[in-house]
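Close look at the chain arrangement
Single-letter residue listing:
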Amino acid sequence: MSNATPKSSRDHPHRGALVDELHARPFPAISAPGFAWFVALRPEFRSDRDRAGEKAQLDRLISTACQTPPPPDATHWTGQLGPLMLKWESHTEFVTFLVWGAEESDVQELAEDILSHAENLRIASARFRIQVAEGDEPILERLRKDHLQDSLAASRVLDDHAVIAGDFHPDPAGDMRFSVYARPLIGPGRIGRIVQRLCEIETYRAMAMLGLVRAREMGPSLTDAETRLSAEVLRMNDSAGDAETALRTLLEVSGGLERLAARSNFRMSATAAYERIVTSRIDALREERFEGRQTFGEFMIRRFDPAMRTVEATERRLARLTDRARRAAELLRTRVEVDLSRQNRVLLESMDRRADEALRLQHTVEGLSVVAISYYATGLALYIAAPFGDAVGLGKTALAALITPIVVLLTWGALRQVRKRLH
């Protein structure tokens, strides 16, 4: 079978990038014994991030080793800097450096160089001691020397191919301390995957905890909005209350809640995503209990999960308050509309009464109009009929008595016809 591509075949413009993404950010290969150092850097505010500056810091490190820097749009790079290996990754909110080598002093020197030239702030950092251990006794002895015991987590991972430990307390340099005890037959690739997953657990745990900071900042504002909202809902039952003032207050509360939601929406969503990553990375380690110690998963359940539940509760509280404010505003608008309908009904009834009075006045005026028009019409008729009255022997008084009823009837009939045509 021929493997030649048909000449008519055309690739999607993004196909190459999508395929490359499957192989991006490979796991490091770390040999034991050795040391590693990791840091995640981000600006205080997401809008202040300078990706060009982050890339410039990487280029400076690469140039010292006389290597070719990656392209400007690169998001990851792995290479050798003298006796050390460096892995650099640019993520959505932060940039990371992972350094590893055989000598702790070399790793420490490069770590200090990276931190001293970093423009961003450190959000997470960790120091790894990687050793080879055949039995459990040497591991227990090192755990007692290298880690604090009150919060120590230790577990067998990857079907007991390694033992990992960490106390989640920063050392004097501000780095979290982790230990990886590899069995003799484990390769650099598996050690690298273990270290990478521990780095991701520490980084995404720290990033997820930013949601707790935002939740605590929102607490007083939510309490104030809830108090004002409850007070306005109670005042809505008072018929003497000023509906316009209440509606304005509800709109202010709703606007404040919407602003809180707009400022916190990204952080809350990111916190939920980071929490899922932490959970998945711990599951990938396939932990088993080591000598009765708590596992990393148990430590997270006790210390990390309550913080995440607080973030979720704050997010739900904000959503409920926003819905309450919206419903209260709708109820108040309904009340205002009912009051307006009542006022309109009273106004229409008043207009009906005035129309009836106008109609009665109109009828009265029509009666007077008939009399007035008949009076003048009778006078004109007498002028016309006077010569004929003398001919038949009728005096002016008798002629007036005869003509007047006829003129009144004709005038009344004419006005009635005019009113019918108008209506």
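Everything in this summary refers to the structure shown in the same document. It should be emphasised that the depicted structure is a prediction, and the values quoted were computed from it without experimental measurement.

A short note on the overall build of the protein
The helix and strand tally for the protein stands at 8 helices and 9 strands. Among the 423 residues that make up the protein, the fraction classed as buried is 39%. When the accessible surface of the protein is split by element, carbon and sulfur atoms take 57% of a total near 24700 Å².

Considering a nonpolar patch on the surface
A contiguous nonpolar surface patch, about 560 Å² in accessible area, is contributed by Leu 380, Tyr 383, Ile 384 and Phe 388. Position of Leu 380 relative to the elements: it lies in helix α7 (residues 296-392). Taking relative accessible area as the criterion, Leu 380 reaches 58% and is therefore assigned exposed.

Brief notes about the environment of Gly 82
Counting through the fold element by element, Gly 82 comes out in the loop between β2 (76-81) and β3 (84-90). Sequence separation between Gly 82 and Gly 101 is 19 residues; the distance between their C-alpha atoms is 9.8 Å.

Examining the layout of surface pockets
Approximately 420 Å³ is the volume attributed to the largest pocket. Those elements that place two or more of their residues in the lining of the largest pocket are α5 (188-235) and α6 (243-285). The class makeup of the residues in the lining of the largest pocket is 5 nonpolar, 1 polar and 7 charged. Looking at the second largest pocket, its volume works out to about 310 Å³. Taken together, 19 residues line the second largest pocket, and the ones lying closest to its centre are Glu 89, His 91, Gln 196, Glu 200 and Arg 281.

Points about the pattern of salt bridges
In the structure shown here, the tally under the stated rule is 30 salt bridges. For Lys 87, the salt bridge identified is with Glu 89, shortest N-O distance 3.1 Å. Across this residue pair, the class does not change: Lys 87 and Glu 89 are buried. Through salt bridges that share partners, Asp 136, Arg 156, Asp 160, Arg 183 and Glu 291 make up one connected network.

A look at helix α2 (residues 51-64)
Its 14 residues place the ends of α2 21 Å apart at the C-alpha level, agreeing with the 20 Å of an ideal helix rising 1.5 Å per residue. The set of residues buried in α2 consists of Gly 53, Glu 54, Lys 55, Gln 57, Leu 58, Leu 61 and Ile 62. Tucked inside the fold, the buried residues of α2 contact β2, β3, β4 (95-101) and α3 (104-116). Phi for Cys 66, located one or two positions after α2, is positive at around 60°.

Considering the packing of α5 against α6
Running from N to C, α5 and α6 point in directions that differ by 160°, and their axes come no closer than 8 Å. In terms of orientation, α5 lies roughly antiparallel with respect to α6. Here α5 runs over α6; the crossing is left-handed. Class assignment for the residues of the contact of α5 with α6 results in 23 nonpolar, 5 polar and 11 charged.

Section: the packing of aromatic side chains
In the structure shown here, the tally under the stated rule is 7 aromatic pairs. Grouping aromatic residues by their ring pairs yields a cluster made of Phe 128, Phe 168, Phe 178, Phe 296 and Phe 299. Across the ring face of Phe 266, the terminal group of Arg 46 is positioned such that the distance to the ring centre comes to 3.7 Å.

Description of the pairing of strand β6 (residues 153-157)
In terms of burial, β6 is a largely internal element, 5 of the 5 residues being buried. Where burial is concerned, the two faces of β6 agree: the one with Ala 153, Ser 155 and Val 157 and the one with Ala 154 and Arg 156 are both buried. In terms of strand pairing, β6 meets strand β7 (residues 162-170) through 5 bridges, oriented antiparallel. Note on β7: the bridge partner recorded for Ala 154 is Ala 165. Here β6 hands over to β7 after 4 residues, with Leu 158 in that stretch at a positive phi of 55°. Two elements, β6 and strand β9 (residues 288-289), share 2 bridges in a ladder whose sense is antiparallel. Paired with Ser 155 across the two strands is Arg 289, which belongs to β9.

Comments concerning the pairing of β4
When you tally the buried positions in β4, you get 7 out of 7 residues, the bulk of the element. Side-chain alternation along β4 places Val 95, Phe 97, Val 99 and Gly 101 on one buried face and Thr 96, Leu 98 and Trp 100 on a second face that is also buried. Relative to β4, strand β1 (residues 34-42) runs antiparallel, the two sharing 7 bridges. By the bridge assignment for β4, Phe 38 is matched with Leu 98. In the sheet, β3 pairs with β4 via 6 bridges, with the strands oriented antiparallel. Counterpart to Leu 86 in the pairing with β4 is Val 99. Between β3 and β4, which pair antiparallel and follow one another directly, the connecting turn spans 4 residues.

Each value, and the rule that gives it
- Residues numbered from 1 in each chain as written.
- Predicted model: local features only at pLDDT ≥ 70, side-chain atom pairs only at ≥ 80, totals over all residues.
- Heavy atoms only, no water.
- Helix = DSSP H or I, 4+ residues; strand = E, 2+ residues; numbered from the N terminus.
- Buried < 20%, exposed > 50% of the residue type's maximum accessible area, 1.4 Å probe, protein only.
- Areas by Shrake-Rupley, 256 points an atom, 1.4 Å probe, with all protein chains shown as cover.
- Patch = residues over 30% accessible without salt bridge, like charges linked within 9 Å, V, L, I, M, F, W, Y side chains within 5 Å.
- Salt bridge = Lys/Arg side-chain N within 4 Å of Asp/Glu carboxyl O.
- 1 Å grid on protein atoms, 1.4 Å probe; cavity = no way out; pocket = protein on both sides within 12 Å on 5 of 7 lines; lining within 4 Å.
- Points joined across faces, edges and corners; volume = space filled by probe spheres on them.
- Nonpolar A, V, L, I, M, F, W, Y, C, P; charged D, E, K, R; others polar.
- Expected span 1.5 Å × (residues − 1).
- Contact = heavy atoms within 4.5 Å.
- Axes fitted to C-alpha atoms, helices over the stretch in contact; angles between N-to-C directions.
- Parallel < 35°, antiparallel > 145°, perpendicular 65-115°, else oblique.
- Left-handed = near helix turned anticlockwise from the far one by under 90°.
- Phe/Tyr/Trp six-rings, centres within 6.5 Å; stacked < 30°, edge-to-face > 60°.
- Lys NZ or Arg CZ within 6 Å of the ring centre and 35° of its normal.
- Pairing = 2+ DSSP bridges.

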